[in-house]
Amino acid sequence: MYRVSDVMTKQVVYLPAETPLDEAARVMKESDIGDVVVTDGATLAGMLTDRDIVVRAVAERADPAKTTIGSIITREVVMIEQHSTASEAAALMRERNIRRVLVCDNDRKLVGIVSLGDLAMQLEPSSALSDISEAAPNM
């Protein structure tokens, strides 16, 4: 039985809420990731995904150099404890209709991110989603 800590991505990239959208997109491209954790000072403000960029900025014709990531992030973050099972993480994603969950330790300190693709690669290695996720590891 896989635990969330076995399948999560441990590389978490943090950016301040005032970061311009184009800079965040460059960081995501250079790091080969599909999400960043957004901070407001020392506080977790939310998460920005590649989908947020498309749906909340590009589709609205927002200027990527003038739009801050704090203005388009998903503020309601969903967390799961790192010792939870991969199946519990999948159930949480299904219930909340999300593709990524932040992973915390016992003290609610952020230790990683688990994505639908991470789960697919472990739970259903022969699935089409697993094949896609393996080709693009951090999407």
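Here, the structure is the one placed above.
Reference entry: report on the structure contained in this document. Since we're looking at a predicted model, the values are computed, not measured.

1. Observations concerning the environment of A57
Point 1. For A57, the position within the fold is in helix α3 (residues 50-58).
Point 2. Its relative accessible area of 1% is what places A57 among the buried residues.
Point 3. A C-alpha to C-alpha distance of 7.1 Å links A57 and I72, two positions 15 residues apart in sequence.
Point 4. Beyond its immediate sequence surroundings of up to four residues, A57 is in contact with L21, D52, A62 and I72.

2. Brief notes about the sheet that holds strand β5 (residues 100-104)
Point 1. A sheet is described by the order of its strands in space; here three strands give the open sequence β4-β5-β6, paired in mixed fashion. Edge positions in the open sheet fall to β4 (79-81) and β6 (110-115), since each of these has one partner strand only. Across the sheet, the mean angle from the axis of one strand to that of its neighbour is 35°, orientation sign disregarded.
Point 2. Docked against the sheet, helix α4 (residues 86-96) engages β4, β5 and β6, running at close to 165° with respect to β4.

3. Some thoughts on the side chain of D105
Point 1. Examined against the element boundaries, D105 turns out to sit in the loop between β5 and β6.
Point 2. Buried and unpaired, D105 has no salt bridge, with K109 as the nearest side chain of opposite charge at 5.2 Å.
Point 3. From its side chain, D105 meets the backbone nitrogen of D107 in a polar contact 2.9 Å long.
Point 4. At 2.9 Å, the side chain of D105 forms a polar contact with the backbone nitrogen of K109.
Point 5. Not counting residues up to four positions away in its chain, the partners in contact with D105 are E81, Q82 and V111.

Criteria and cut-off values
Residues numbered from 1 in each chain as written. Predicted model: local features only at pLDDT ≥ 70, side-chain atom pairs only at ≥ 80, totals over all residues. Heavy atoms only, no water. Helix = DSSP H or I, 4+ residues; strand = E, 2+ residues; numbered from the N terminus. Buried < 20%, exposed > 50% of the residue type's maximum accessible area, 1.4 Å probe, protein only. Contact = heavy atoms within 4.5 Å. Pairing = 2+ DSSP bridges. Axes fitted to C-alpha atoms, helices over the stretch in contact; angles between N-to-C directions. Lys, Arg positive; Asp, Glu negative; His and termini not counted. Salt bridge = Lys/Arg side-chain N within 4 Å of Asp/Glu carboxyl O. Polar contact = N/O pair within 3.5 Å; in protein donor to acceptor, adjacent residues only side chain to side chain.

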